[in-house]
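Survey of secondary and tertiary structure
Here's the letter readout for the chains.
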Amino acid sequence: MSETPTTIEAGGAPTVRFADFGLAPEIQRALSDQGYVHPTPIQAQAIPIVLQGRDVMGAAQTGTGKTASFSLPIIQLLLPHANTSMSPARHAVRALVLTPTRELAIQVAENVKAYAQHTPLRSTVVFGGMDMKPQTEILRRGVEIVIATPGRLLDHVEQKNISLGQVQMLVMDEADRMLDMGFLPDLQRIINLLPKKRQNLMFSATFSPEIKKLASSFLNDPLTIEVARSNATNTSITQVLYKVDEEQKRNVVEHLIRARDLKQVLVFSNTKIGASRLARYLEQAGIKASAIHGDKTQQERIAALDAFKNGDIDVLVATDVAARGLDITDLPCVINYDLPYNAEDYVHRIGRTGRAGATGDALSVYSDKDERLLADIEKLIKQTITRGELTGFMPSRGGERGERPVERRGGRRETDSPRPERTERPDRGPRNYGAPRRDKIDPWFLKPYEPSAVPRKEAPAAPAASGKPKPKLAALLGGLPKQ
DNA sequence: AAAAAAC
């Protein structure tokens, strides 16, 4: 338990294919449905180990493909049971995935469902902020895989809607985040409900002493896998800083969005109230925006994320609820309306763009009072962020905007593509976005599970998922120090 | 100092 975990160098053959893992044909079919051929580095390292039944401590951020690195082996390992109709434990919960945020739970559940779609395995997701009843109904009917946030899971346990006595695989996703959020007591309560003999997988973006302690108490002789720390920030992300007056920050954010004609931009605010206000300001300025944060109802959160994903809105203003875990493909730009108090969060936030080898821009506005935060960030990422220059930006008051400003960046990025010429300045009214789409929100997880009606995510025509450039692999910790 | 998460 307390022995030094073995560490594996995550590197090596880039030519590994999913077909090499000996996964069941049903799983391979799901992978090829989605156009996945080559595993990411963490998948290539983790899948064989998890398949062996070993405990794993994975150091990986979202976007490295870590969800598949545990989902695929879970499905593979549970499959024999699922196919044995005689088994009395059929539809007992055999795998449990815990996540810190509701949105992450939903996302993991979507992935699991897609990977298991050709198998008889059932899965569901439970989280707070939503009616218990539909969740209860699905749980009582029986599922093999449950993805959950800790509080609501315990709620279901208390109400005897779920039994955890048959769980043979436990995944703690974003474990560092769960600790930050004070989930340790909940985690302990949940783990006490599980059989002693089980396989444990823990994923964390950081290796703090607390995480190591958690690992040494919950994991059994784990193998440690690490994919390049994004502390060394992904080089495909172009970062720019704009120093402005505190009161001008929202105008500058608006300016950046207009000047670049940004379509899918995620804007981070440090506070819930700030997020709401900025979203409202942008909306009044005619930019399609919504806010997502913990004071919104879960329905609103889901609706906002949904609207953002399908292009109904161009700007999502978020608190750090969205800093980690959210995997929105092809986000071209992230804007920090506030610099995060936590330097580590800067890395997580900007990691929402430039995913999977695509390029992305991370723009931050800050003022005098943020110099210290900025110093912490630059120290952490070990680089000086390019200072941008706002030219043509007209400082204004009371939400009034001047002429359409022209934005020019300092710094040395030559690849700055020429901005499309705008002939007219959109006036006060909303910009023309074409016919508004009013898709009804009908998330699959609100519906009772029917094996024949597994909702399929519409596969992108040509999934660029496979063969994408992969994050560089880093050298490892060389063994964790003992606690 | 703020955010997240069960009712």
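Residues numbered from 1 in each chain as written. Chains lettered and ligands numbered in written order. Predicted model: local features only at pLDDT ≥ 70, side-chain atom pairs only at ≥ 80, totals over all residues. Heavy atoms only, no water.

**A look at the protein's contact with DNA strand B**
By nearness alone, 19 residues border DNA strand B, and T149, R152, G294, R301 and Y341 come closest of all. Between T149 and DNA strand B, the recorded distance is 2.6 Å, taken from a side-chain N or O atom to a phosphate oxygen. Here a sugar or linking oxygen of DNA strand B and a backbone polar atom of N270 are 3.1 Å apart. The class makeup of the residues in the surface near DNA strand B is five nonpolar, nine polar and five charged. (Near = heavy atom within 4 Å. Polar contact = N/O pair within 3.5 Å; in protein donor to acceptor, adjacent residues only side chain to side chain. Nonpolar A, V, L, I, M, F, W, Y, C, P; charged D, E, K, R; others polar.)

**Let's talk about the domain arrangement of chain A**
Once the domains are mapped, chain A shows domain 1 (6–227 + 442–453) and domain 2 (232–387). For domain 1 versus domain 2, the separation of C-alpha centres amounts to 29 Å. The interface of domain 1 with domain 2 comprises 21 residues on the first partner and 17 residues on the second. Inspection of the region where domain 1 meets domain 2 yields one salt bridge. Here R301 ties to E103 by a salt bridge, and the two come within 2.6 Å at their closest N and O atoms. Inspection of the region where domain 1 meets domain 2 yields four residue pairs in polar contact (both at pLDDT 80 or more). When residues of the side of domain 1 that touches domain 2 are traced back to their parent elements, those giving at least two are helix 4 (102–115) and helix 7 (175–180). Among the elements that make up the side of domain 1 that touches domain 2, the one with the highest residue count is helix 4 (five residues). (Domains from an automatic or database assignment. Contact = heavy atoms within 4.5 Å. Salt bridge = Lys/Arg side-chain N within 4 Å of Asp/Glu carboxyl O. Helix = DSSP H or I, 4+ residues; strand = E, 2+ residues; numbered from the N terminus.)

**Quick look at the pairing of strand 6 (residues 169–172)**
A two-sided burial pattern is seen for strand 6, the buried positions comprising M169 and V171 on one face and L170 and M172 on the other. Inspection of the sheet shows strand 3 (residues 95–98) paired to strand 6 by four bridges, in the parallel sense. Its bridge partner lying in strand 6, A95 is registered against M169. (Buried < 20%, exposed > 50% of the residue type's maximum accessible area, 1.4 Å probe, protein only. Pairing = 2+ DSSP bridges.)

**Looking at the pairing of strand 12 (residues 315–318)**
Residues of strand 12 alternate between two faces, with V315 and V317 on one and L316 and A318 on the opposite face, all of them buried. Relative to strand 12, strand 10 (residues 265–268) runs parallel, the two being bridged by four bridges. Bridge pairing in strand 12 links V267 to V317. Bridge analysis of strand 11 (residues 289–292) against strand 12 gives four bridges, and the strand direction is parallel. Looking at the pairing, A291 lines up with V317 of strand 12. At this point the chain moves from strand 11, through helix 12 (residues 298–309), to the parallel strand 12, and the crossover so formed is right-handed. (Right-handed = clockwise from strand over helix to strand, strands pointing away.)

**Considering the packing of helix 5 (residues 132–141) against helix 6 (residues 150–158)**
Between helix 5 and helix 6, whose axes approach to 11 Å, the crossing angle comes to 65°. When the axes of helix 5 and helix 6 are compared, the crossing they make is right-handed. Contacts between helix 5 and helix 6 involve M132, Q135, T136 and L139 from the first element and R152, D155 and H156 from the second. Considering only residue class, the contact of helix 5 with helix 6 consists of two nonpolar, three polar and two charged. (Axes fitted to C-alpha atoms, helices over the stretch in contact; angles between N-to-C directions. Left-handed = near helix turned anticlockwise from the far one by under 90°.)

**A look at the sheet that holds strand 10**
Pairing within the open sheet is parallel, and its seven strands lie in the order 11-12-10-13-14-9-15. Strands with a single pairing partner mark the edges of an open sheet, and in this sheet they are strand 11 and strand 15 (386–387). As paired elements, strand 10 and strand 13 (residues 333–336) share four bridges and run parallel to each other. Paired with L266 across the two strands is V334, which belongs to strand 13.

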